[in-house]
Amino acid sequence: MDLRATSTISGEKTRNNKANNNSSREQLDVQKGACVISPKYDPEEIKRRAFENLFETLRTFARLVEITWSAGVFSGSLLSDEINGRGDENVRERSEQLRIGLANLGPSFVKAGQVLANRPDVVRADFMEELTKLQDDVPAFSSETAFEIIESELGKKIEDLFEEITKEPIAAASLGQVYKAKLKRTGETVAIKVQRPGIEPIIYRDLVLFRILGGFVNGVAQARLGCNAELIVDEFGEKLLEELDYEQEGRNLVDFYNNFENDPLVKIPKFYPEYSGKKVLVMEWIDGVRCTNPKEIRETLDVDEFIRVGVVSGLRQLLEFGLFHGDPHPGNVFAMRDGRIAYVDFGNVAQLTQRNKEVLIDAVVHAVNEDYDGMASDFVNLGFLSPGTNVTPFVPALERIWQDARTSSLETFNFRTVTMAFNELVYEYPIRIPERFSLVIRSLLTQEGICMTLQPEFKFLEVAYPYVAKRLLTDRDAGLRERLTQVLFDSKGKFQWKRLENLIELAKTGGDGLDLTDTATDGAGLILSDASLRRKLILALTEDDRLRVEEVSRLVDLLREDVDFEKLARNSMNDAPRVARKFLERWSESVLK
């Protein structure tokens, strides 16, 4: 296939150049396209720690034997199935064996399995489904040890810090466990997260061994994914070490708190830095209903409104702030009694650059406009396809998937449907899913799963579309204003009346009211200062040699309740000097040409 051949050639050139100039770690910094939250990951330093003395070297070797034995047993089972012609018949049994094997090997492998559960470019679909069941729940370590860690980190006795603290942890996971306590100084109820002792050396050893394995399978990774296998390990290692860094988690928590400060729909717990350290993190206790208890949520809240709040808060994290929760599983999400949604556990957080956010919005615009060439380019810009890849053969496949989606009703079409269709493309084309977007996919699928548990008939796009429409119509960001113009005019410059009506109607269904006064103000100013746009609108109003009175009348009816005309007049007066200046600048430019 042309696409794969082009990518292979491109990958070969990249491989040769990078071998001379860059390590895979440098490739990670170049290719990831996301802000580095806290660059703690250094392959050479991790390798040094795993082999820093004879004792650590022996422990690393013992760990290698343990992993090799487990991998050998699993590989032997696969080989036996193949020899006996029972490969397809035993897929379910083997996928379950893989899940159990990863769980038994500890936190690094549990986390790796959770990542692979959203990597169709690496794992086949039937195994992915089983890996989504991986949980990192493990037996708690002793509270005596936990309290010693707290006292060591904070330099004070437990009784001097807390008026009350639970004798046993409220929850335990592979990387740490949580206690409920009351601060002695203020009486505030807090959650105390304590890191599991001795976890770092285990993870360092595993990451070193993962990287050694990556070196052996580089040829396959280059041919299949167009990238260095060590790069995939490095992406994974960086995210895993971020989860171990409680100081970074505290900074993440502060960022989330600031993003949603005074938000009427979202609750982010307060962070207590004076009670926190490298292995201890203290935050406000969230008194709500975990989404692991859907029955109680359905009995106490308006489920439809809570679901809308959850989806919109997730989309805001992704498209507005560019900082999103990477692991919003039901245990990390709460329904507050007042209808708000609350999040906890901010160790697994990822950032998108402004460029990433812009390309994602471009992708939405291209999808709305059915611009499949543009959508294919978005895949390159987002890092799913290697730069220089010939995307021409990819365009018909995108068109097929999106047309299938467009012909489906919202009642039968959701985000998982899109993901499953996309997974099929992964096996046909040299697509590599960047780690940041693996997290995006995992986050959205997890949130959709919570929503469908609360309401089986839930459809993601029924909530997501109105948010995107409202954002396009009301956000005063210059880039979004430009993208709104792209939506309203097709590739031939023809104004799409129906598309504007649909956007307004969709935005109205999104809740929280719709105020298009600022949009009308900006639009009027743009029309006055942009001669090209004025010509397009005049053509739109007189298209086919008739005045578009009916279309204008429908728009006026739609906008009657959504534009404050008194505010519009005030805005226009205030903006008059700026608009006049722009008009004169454009006019002088045209005269002086």
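Chains are numbered independently. Their residues run from 1 in the order of the written sequence. It should be noted that, the model being predicted, local features are given only for residues of pLDDT at least 70 and side-chain atom pairs only at 80 or more, the latter also being counted only at that level, while totals for whole chains, interfaces and linings use all residues. Only hydrogens and water are removed before side-chain values are computed, so all heavy atoms of the structure are retained for them.

Undergrad: Help me out: how do you make sense of the packing of helix H4 (residues 54-83) against helix H10 (residues 199-216) in this one?
TA: Relative placement of two packed helices is described by the angle separating their axes and the distance separating the axes. Across the interface, H4 lies against H10 with an axial gap of 10 Å and an inter-helix angle of 60 degrees. The way H4 lies across H10 gives a crossing that is right-handed. Across the interface between the two elements, Glu56, Arg59, Thr60, Arg63, Leu64 and Ile67 from H4 touch Arg205, Asp206 and Leu209 from H10. Looking at side-chain class alone, the contact of H4 with H10 contains 3 nonpolar, 1 polar and 5 charged residues. To get an axis, a line is fitted to the C-alpha atoms, and for a helix only the part in contact is used. The angle between two axes follows their N-to-C directions and goes from 0 to 180 degrees. Only DSSP runs of H or I with at least four residues qualify as helices, and only runs of E with at least two residues qualify as strands; both kinds are numbered from the N terminus onward. Crossings are assigned a handedness: left-handed for a near helix turned anticlockwise from the far helix by less than a right angle, right-handed for a clockwise turn. In what follows, a contact means two residues having at least one pair of non-hydrogen atoms within 4.5 Å. Three classes are used, and their members are as follows: Ala, Val, Leu, Ile, Met, Phe, Trp, Tyr, Cys and Pro are nonpolar, Asp, Glu, Lys and Arg are charged, and the others, Gly among them, are polar.

Undergrad: What am I meant to see in unusual backbone geometry here?
TA: Phi at Asn262 takes a positive value of approximately 65 degrees, unusual for a residue other than glycine. With respect to the helices and strands, Asn262 occurs in the loop between helix H13 (246-259) and strand E5 (266-267).

Undergrad: I tried to follow the pattern of salt bridges on my own but got confused; where do I start?
TA: Between Lys or Arg on one side and Asp or Glu on the other, a salt bridge is scored when a side-chain nitrogen of the former is within 4 Å of a carboxyl oxygen of the latter. Under the defined criterion, the tally for this structure stands at 26 salt bridges. Between Arg94 and Asp81 there is a salt bridge, and its shortest N-O distance comes to 2.6 Å. Note that Arg94 is positioned in helix H5 (residues 91-104) and Asp81 in helix H4, a separation of 13 residues in sequence. Across this residue pair, the class does not change: Arg94 and Asp81 are buried. With a closest N to O distance of 3.1 Å, Lys193 and Asp345 form a salt bridge. Residue Lys193 is located in strand E4 (residues 189-195), and its partner Asp345 is located in the loop between strand E10 (341-343) and strand E11 (349-351); the two are separated by 152 residues in the primary sequence. Residue classification places Lys193 among the buried positions, given a relative accessible area of 15%. Classification of residues uses two cut-offs on accessible area relative to the type maximum, computed with a 1.4 Å probe and protein chains only: under 20% is buried, over 50% is exposed, and between them is partly exposed. The exposure class assigned to Asp345 is partly exposed, which follows from its relative accessible area of 25%. When salt bridges with common partners are traced through the structure, they connect Glu45, Arg48, Arg49 and Glu52 into a single cluster.

Undergrad: Help me understand the nonpolar core in this model?
TA: Generally speaking, soluble globular proteins have nonpolar side chains that are buried together. The biggest cluster of nonpolar side chains holds 90 residues, and the ones touching the most others in it are Phe394, Leu425 and Ile431. Those residues in contact with Leu425 that sit more than four places away from it in its chain are Phe394, Ala397, Leu398, Arg400, Ile401 and Ile431. Only buried residues count toward a nonpolar core, which is a set of Ala, Val, Leu, Ile, Met, Phe, Trp, Tyr and Cys residues joined through side-chain atoms within 4.5 Å. Counting residues in each nonpolar core, the second largest holds 30 residues, with Ile46, Val123, Leu131 and Leu244 among its members.

Undergrad: For this particular structure, what's the right way to read the sheet that holds strand E9 (residues 333-335)?
TA: In sheet architecture, strand pairing relies on hydrogen bonds along the backbone and comes in two forms, parallel and antiparallel. For two strands to count as paired, DSSP must find a minimum of two bridges between them. On the basis of which strands lie adjacent, the open sheet formed by 4 strands has the order E5-E10-E9-E7 and mixed pairing. The open sheet has two edge strands, E5 and strand E7 (289-290), and neither has a second partner. As paired strands, E7 and E9 are joined by 2 bridges and run antiparallel to one another. By the bridge assignment for E9, Arg290 is matched with Phe334. Sheet strands in contact with helix H15 (residues 303-321) are E5, E9 and E10, and its direction is about 45 degrees off that of E10.

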